[in-house]
Amino acid sequence: MTLLTKTQLKDYESGEFSDLQQRTWPETRALIEQFPWSREREHFAVGLTSPSITIEGPSGDYLKLALYYHDKFILYYLDTKNHLYVHSMPTIPEAYPIIQSFFDDNLDLSGFKRQSTPFTNNKAHFETKDFHYTMRGTFILPLIGVLSIGMTAFPFVTITAAIIKTSSIPIAGYVVLSTLSILFLGGGVLLTSLCINHYRASRNKILSLSRGNPLFYYGDINAPAVYDKKDIQKVVQYGGGRSNDRLSRTQIIFKDGSSINISGLILPADKMAVKFPRIDIGYKAFGLNYFIPRAFSIPS
């Protein structure tokens, strides 16, 4: 019997795997013996996403062999109902009979302990995730548009009201209304321009990027360019670090002086930051730097 097996290293994020292949139990055992357990144990974090080998059962359940505390190992079993079970052991060979029984579709959970994980999506740590990103912020564009229209219309509403009730508004009131009108009008125009700028820069673009893979792709959805993380000098993020800050941008600067800019409409800044372990990331929260340079705003 063959089952889908895959590996995960310490720099990988949830749902990121490599060496995906259908394997028999003997082939999986060889994979386990060849896995760099000692190297991966350095500075690793115990958890469902950690250096490990994951096996997917025919019914959609999973068995994962991973590193554990004090030079031990642990088996995580996730059933089809999102119930999580664990079983730790001092050495890998002690896990072999259990893993083999999983291949034989005869897994015995008597040695496992069920974990209480209510409202937790455990499957995200076992299921392979798609790391291709396209513009997903279109739902927020109408909201920003309504806000922009409201801000832009405010001056005209207040001016009309002032004309109608000229005699009842003191001079100080005119000053306040004029100031607010200028601020709202400027803010509305700025927000509308920023929204259009990011939309143009993100349309027909695709990003393929994960934390553990040294290569990533970005560009036209039909022919994205390939980039290597080792060629990156630094990453600069303009805007907030919240997942809902879709009008932020991330600039990736390479050692040869070239750069690319990726809008939060494709991938928000907080999610982008975790993709570059051990790479210097700078932050600039204010100013007109939110705008993506024109060279990167024209859709191909």
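Draft legend 1. Structural view of the packing of aromatic side chains. Summed over the entire model, instances satisfying the criterion amount to 11 aromatic pairs. With 5.7 Å between their ring centres and 70 degrees between their planes, Trp 25 and Tyr 96 make a pair best called edge-to-face. Placement of the pair is Trp 25 in helix α1 (residues 25–34) and Tyr 96 in helix α3 (residues 96–103), with a sequence separation of 71 residues. Classification of Trp 25 by relative accessible area gives buried; the value is 10%.

Draft legend 2. Structural view of the side chain of Thr 250. Within the element layout of this structure, Thr 250 appears in strand β13 (residues 249–254). Those residues within four positions of Thr 250 in sequence are excluded, and the remaining contacts are Val 235, Val 236, Gln 237, Ile 260, Asn 261, Ile 262, Ala 269 and Met 272.

Draft legend 3. Just the sheet that holds strand β10 (residues 215–220), in detail. Judged by pairing direction, the sheet is antiparallel, and its four strands sit side by side in the order β8-β9-β10-β11 without closing on themselves. What marks the edges here is a single partner per strand, and that holds for β8 (132–133) and β11 (225–228). For β8 and strand β9 (residues 205–208), the ladder comprises two bridges, and the chain directions are antiparallel. Following the sheet pairing, His 132 is matched in β9 by Ser 208.

Draft legend 4. Summary view of the environment of Thr 5. By the element assignment, Thr 5 lies in strand β1 (residues 3–8). Here Thr 5 falls in the buried class, since its relative accessible area comes to 0%. Residues contacting Thr 5, with those up to four places away along its chain left out, are Asp 19, Leu 20, Gln 21, Arg 23, Thr 28, Leu 31, Thr 54, Ile 55 and Phe 103. Separated by 2.6 Å, the side chains of Thr 5 and Arg 23 make a polar contact.

Draft legend 5. Main features of the environment of Gly 212. Here Gly 212 lies in the loop between β9 and β10. The exposure class of Gly 212 is partly exposed, given its relative accessible area of 21%. Sequence separation between Gly 212 and Lys 275 is 63 residues, and the spatial gap between their C-alpha atoms is 7.6 Å. When near neighbours in sequence (up to four residues on either side) are disregarded, Gly 212 contacts Asp 11, Tyr 12, Glu 16 and Lys 229.

About the cut-offs
- Counting from 1, residues in each chain are numbered in the order their sequence is written.
- The predicted nature of this model means local features are confined to residues of pLDDT at least 70 and side-chain atom pairs, given and counted, to a pLDDT of 80 or more, with totals for whole chains, interfaces and linings taken over all residues.
- Side-chain numbers come from the whole structure's heavy atoms, not from hydrogens or water.
- Pairing of aromatic side chains here covers Phe, Tyr and the six-membered ring of Trp, requires ring centres within 6.5 Å, and sorts the geometry by plane angle: under 30 degrees stacked, over 60 edge-to-face, intermediate tilted.
- Secondary structure elements are defined from DSSP: runs of H or I of at least 4 residues count as helices, runs of E of at least 2 residues count as strands, and each element is numbered from the N terminus.
- Summary of the burial criterion: residues with accessible area below 20% of their type's maximum are buried, those above 50% are exposed, and those between are partly exposed, where the area comes from a 1.4 Å probe applied to protein chains only.
- Contacts were defined at the residue level, with two residues in contact if any of their heavy atoms lie within 4.5 Å.
- When DSSP finds at least two bridges between two strands, those strands are taken to pair.
- Between N or O atoms, a polar contact is any pair within 3.5 Å; within protein, one atom must be a potential hydrogen donor and the other a potential acceptor, and residues adjacent in sequence are included only when both atoms are from side chains.

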